[in-house]
Structures are given as C-alpha cells and as structure tokens.
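Understanding the architecture of this molecule
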Amino acid sequence: MGPKFLRSDVTYSLVNAPPNSSQLTEQDVMEALANATALWASHTPLNFSRARTVLSADVLVSFQHGEHGLFCPAFDGAGGDLAHTALPLLGSSQLHFDADEPWTLDGAGETLSLYPSRSRAPH
Ligand SMILES: [Zn+2]
C-alpha cells in the first residue's frame, strides 16, 4: 500500500459546514467542490467523487478559523490567505479554507468557483 494518490480514484468529504459569515450553504460548497474536482479530473488521470463517509475520504475539506492546529499556519482573518493544504490527518490529505473570508459563489466562473466576496468594505 503506497500513498493513496497512486490510485486514480480520489474521494473527498466536507468536514464542517461553511461559517455563518459566508453566503454559502453546505450544498453550495458541495457543488463548488464537484465543479472544481471535475475540472481537475479533466487535466489529470484522477477521478474524484464524494466519499461515503468522512472516515473513508482521501481528502478532508474544512473551514478553519485563525489558529487551528499545531502544524498549520494560522489563518489571517478576512483577506490575505484564503486556503492551504495541511499535513494528513489519519491518512487523509487536508484542504483548509479560511472560515473568516466572506465566501460567495458570485465570482466569474473560473477554476474553483468558490470566492471570497469583494463587496465587504474595509473597516
Ligand atoms: Zn490549516
């Protein structure tokens, strides 16, 4: 058994719901992930699908606030860092989104279709 990504079928799971500060529902996030992974699949030999359970997922996707783990750089609130990958957890790769970004689906359709809103005025 080597690294999971030597397989061509990669599963992912959303660990937590998007923050209340975002304009997204969990359904919105799942659709954005489905769109993004479909794009990645078209450029790689990988096939992506939603994992049946969180524990069986190859990639764990979550929203995290600020300091959120010993081995992760802290997120910096709205603006700045948007997302990063993190060390594997229980054998699953991790993709973290900054929960303090005002996420929206309003961006003009490019890669991820998951965008921080630019409508919020600085204060
Ligand atoms: Zn992180």
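Note that the structure is predicted; figures quoted are calculated from it, not measured.

Each helix and strand counted, the protein chain has 1 helix and 7 strands in total. Along the protein chain, helices (α) and strands (β) appear in the sequence β-α-β-β-β-β-β-β when read from the amino end. A burial count over the protein chain gives 22% of its 123 residues as buried. Long-range pairs, those at least 24 residues apart, make up 58% of the contacts in the protein chain with a sequence separation of at least 6.

Time to look at the confidence of the model for the protein chain. A low pLDDT score tells you not to read the predicted coordinates there in detail. Mean pLDDT over the protein chain stands at 81; residues scoring 70 or higher make up 80%. Contacts of residues 108–113 to residues separated by more than four positions or lying in other chains number 9 contacts, the stretch itself having pLDDT below 50. Predicted confidence is poor over residues 119–123, with pLDDT under 50, and the contacts of this stretch with residues over four places away or in other chains come to 2 contacts.

In this section: the environment of L46. Its location among the elements puts L46 in the loop between α1 (26–43) and β2 (47–50). With 15 C-beta atoms counted inside 10 Å, the residue L46 sits in the partly exposed group. C-alpha separation for the pair L46 and S8, spaced 38 residues apart in sequence, amounts to 4.6 Å. Excluding residues within four positions of it along the chain, L46 makes contact with S8, V10, W40 and A41.

Before going further, it helps to spend a moment on the nonpolar core. V10, Y12, L24, V29, L33, F48, A57, V59, L60 and W103 together form the largest nonpolar core, which totals 10 residues. Mapped by element, the contributors of at least two residues to this core are β1 (9–14), α1 and β3 (59–64).

The pairing of strands in a sheet comes from backbone hydrogen bonds and takes either a parallel or an antiparallel form. On the basis of which strands lie adjacent, the open sheet formed by 5 strands has the order β2-β1-β3-β5-β4 and mixed pairing. Pairing within the sheet leaves two strands with one partner each, and these edge strands are β2 and β4 (83–89). Within this sheet the neighbouring strands show an average axis-to-axis angle of 30 degrees, counted without direction. Packed on one face of the sheet, α1 meets β1, β2 and β3 and runs near 160 degrees to β1.

Judged from the 6 bridges that link them, β3 and strand β5 (residues 92–98) form a sheet pairing that is parallel. In the strand pairing of β5, V61 is matched with L95. As judged from the 5 bridges shared by β4 and β5, these two strands associate in the antiparallel manner. Opposite T85, over in β5, you have L95 as the bridge partner. Linking β4 to β5, which pair antiparallel, is a turn of 2 residues; within it L90 sits at a positive phi near 50 degrees.

Basis of the calculations
- Numbering of residues begins from 1 in every chain and follows the order in which that chain's sequence is written.
- Local features in a predicted model are, by the rule used here, given only for residues with pLDDT of at least 70; side-chain atom pairs are given and counted only at 80 or more, and totals for whole chains, interfaces and linings are based on all residues.
- Under the scheme used here, helices are H or I runs from DSSP no shorter than 4 residues and strands are E runs no shorter than 2 residues, and both carry numbers assigned from the N terminus.
- Counting other C-beta atoms within 10 Å of a residue's C-beta gives its exposure: the residue is buried at 20 or more, exposed at 12 or fewer, and partly exposed in between, where C-beta atoms are placed from the backbone.
- Contacts are defined on C-beta atoms placed from the backbone: any two residues whose C-beta positions lie within 7 Å are in contact.
- A residue's pLDDT is the predictor's confidence in that residue, given on a scale from 0 to 100.
- The term nonpolar core means buried Ala, Val, Leu, Ile, Met, Phe, Trp, Tyr and Cys residues held together as one set by C-beta atoms within 7 Å.
- Any two strands between which DSSP finds at least two bridges are classified as paired.
- Lines are fitted to the C-alpha atoms to define the axes, a helix being fitted only along its stretch in contact, and any angle between axes, read from their N-to-C directions, falls within 0 to 180 degrees.

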